[in-house]
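Listed below are the residues making up each chain.
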Amino acid sequence: MKNSLPLYNTYRARLSGTELFRGLADDLLDDMLSHFRFESWNKGSVHDSSIALRRFYVVIEGRMQLTRIHPGTGKQITISILSEGDMYDVLTLLDGQSHDITPSALDDLKLLSAPIDEVRNWIREHPDFNENFMPYLGKRIRSREALATDLGLYDAHTRLARLILRYVEPEGSGHDDSPGAEVRLLHDLSNETLAHMVGSARQVVNRHLQAMKKDGILHTENRRLIVDDLEKLRQEAQELEQRLQVPG
């Protein structure tokens, strides 16, 4: 990306605000940005996972869904939803192997992408960049661990509560007319998409959401998911631990 481009400073500011590029020296950041190019994906577009073998992506705006699909049954599960500042694909960056997940755009996506071999060079040659990369890698690993734990140990209702709790934002962080805590990452997602995130069925997720609404835990407003009672949500998310702690 040439620094003469009209939006160069905008992209530079967005990149420098991400976890992976925050705090880097100006000359290093400019050198890295010279290897990036801007890309946009239309909402609903689905892309081949092989793109990650060639390029490394930074989400600038919008949400990217990463999905694994069973080739025989068509059953699918959402491995992760990436949002502003997240990177795709960290796993392929590390081992150079094909990663059988399907990236798709939940919104109109704005991305910066760089040749993946160049990003590997940054890890080897720039300690400051590597100091940012390792904590980010740890966060992604913890996210995968949380998904595996939820699928293996919790029932569907608790998995859904834990998903919402994981992405809930502080109260008052949303619109002025909504005093509750918003869950922006999950806004306007269909029940089917939420079901893919918790390894369940659309009808099951709908039933549990309705139960949470009836209990005053959350509500939807203009397709925004808002938590009204954070303490009750925490109780729902910890239901299994509470049952295990009861003497038998």
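Check the entry above for the structure.
Residues numbered from 1 in each chain as written. Predicted model: local features only at pLDDT ≥ 70, side-chain atom pairs only at ≥ 80, totals over all residues. Heavy atoms only, no water.

With that settled, the discussion passes to helix α5 (residues 127-153). Since the α-helix turns once every 3.6 residues, residues separated by three or four places project in the same direction. Between its first and last C-alpha, α5 extends 39 Å over 27 residues, near the 39 Å set by a 1.5 Å rise per residue. Among the residues of α5, those classed as buried are Phe129, Asn132, Phe133, Tyr136, Leu137, Arg140, Leu147 and Asp150. (Helix = DSSP H or I, 4+ residues; strand = E, 2+ residues; numbered from the N terminus. Expected span 1.5 Å × (residues − 1). Buried < 20%, exposed > 50% of the residue type's maximum accessible area, 1.4 Å probe, protein only.)

For the rest of this paragraph, the subject is the sheet that holds strand β9 (residues 218-221). Within the open sheet, the three strands sit side by side as β8-β10-β9. Their pairing is antiparallel. Of all strands in the sheet, those bounded by a partner on one side alone are β8 (181-182) and β9. (Pairing = 2+ DSSP bridges.)

Right, let's talk about the nonpolar core for a bit. Within the largest apolar cluster, 28 residues are counted, with the highest numbers of intra-cluster contacts made by Phe21, Phe36 and Phe129. If sequence neighbours within four positions are ignored, phenylalanine 129 has contacts with Leu20, Phe21, Leu24, Met32, Val119, Trp122 and Ile123. Of all hydrophobic cores here, the second largest spans 26 residues; its members include Val168, Ala195, Leu218 and Leu230. (Core = buried A, V, L, I, M, F, W, Y, C linked by side-chain atoms within 4.5 Å. Contact = heavy atoms within 4.5 Å.)

Burial analysis of strand β2 (residues 55-61) places six of its seven residues in the buried class, which makes it a mostly covered element. The pairing of β2 with strand β7 (residues 109-115) spans six bridges and is antiparallel. Among the inter-strand pairings, phenylalanine 56 is bridged to a residue of β7, identified as alanine 114. Relative to strand β5 (residues 87-88), β2 runs antiparallel, the two being bridged by two bridges. Looking at the pairing, tyrosine 57 lines up with tyrosine 88 of β5.

This part covers the side chain of serine 104. Within the secondary structure, serine 104 is located in strand β6 (residues 102-105). Those residues in contact with serine 104 that lie beyond four places of it in its chain are Ser45, Val46, Arg63, Met64, Gln65 and Leu109.

Turning our attention to the sheet that holds strand β3 (residues 64-69). By definition, the strands of a sheet pair up through backbone hydrogen bonds, in either a parallel or an antiparallel sense. Overall, antiparallel pairing links the three strands, which are arranged β4-β3-β6 in an open sheet. Each end of this open sheet is capped by a strand with a single partner; those strands are β4 (76-82) and β6. For this sheet, the mean inter-axis angle between neighbouring strands, taken without regard to orientation, is 30 degrees. The pairing of β3 with β6 spans four bridges and is antiparallel. Looking at the pairing, leucine 66 lines up with proline 103 of β6. (Axes fitted to C-alpha atoms, helices over the stretch in contact; angles between N-to-C directions.)

What follows is about unusual backbone geometry. Glycine aside, a negative phi is what most residues show, and trans is what most peptide bonds show. Here the amide bond leading from tyrosine 88 into aspartate 89 is cis, since omega sits at 5 degrees, within 30 degrees of zero. Inspection of the secondary structure puts aspartate 89 in the loop between β5 and α3 (90-95). Within the chain, aspartate 188 stands out as a residue other than glycine whose phi angle is a positive 60 degrees. Along the chain, the position of aspartate 188 falls in the loop between β8 and α7 (191-198). Among the residues examined, aspartate 188 registers a relative accessible area of 31% and is labelled partly exposed. A positive phi angle, close to 70 degrees, is found at arginine 223, a residue other than glycine. With respect to the element layout, arginine 223 can be found in the loop between β9 and β10 (224-227).

Turning to the side chain of glutamate 39, a few remarks are in order. Residue position: glutamate 39 is located in strand β1 (residues 37-41). At 3.1 Å, the side chain of glutamate 39 and the side chain of arginine 37 are in polar contact. Within the structure, glutamate 39 has its side chain in polar contact with the side chain of serine 113 (distance 2.7 Å). (Polar contact = N/O pair within 3.5 Å; in protein donor to acceptor, adjacent residues only side chain to side chain.)

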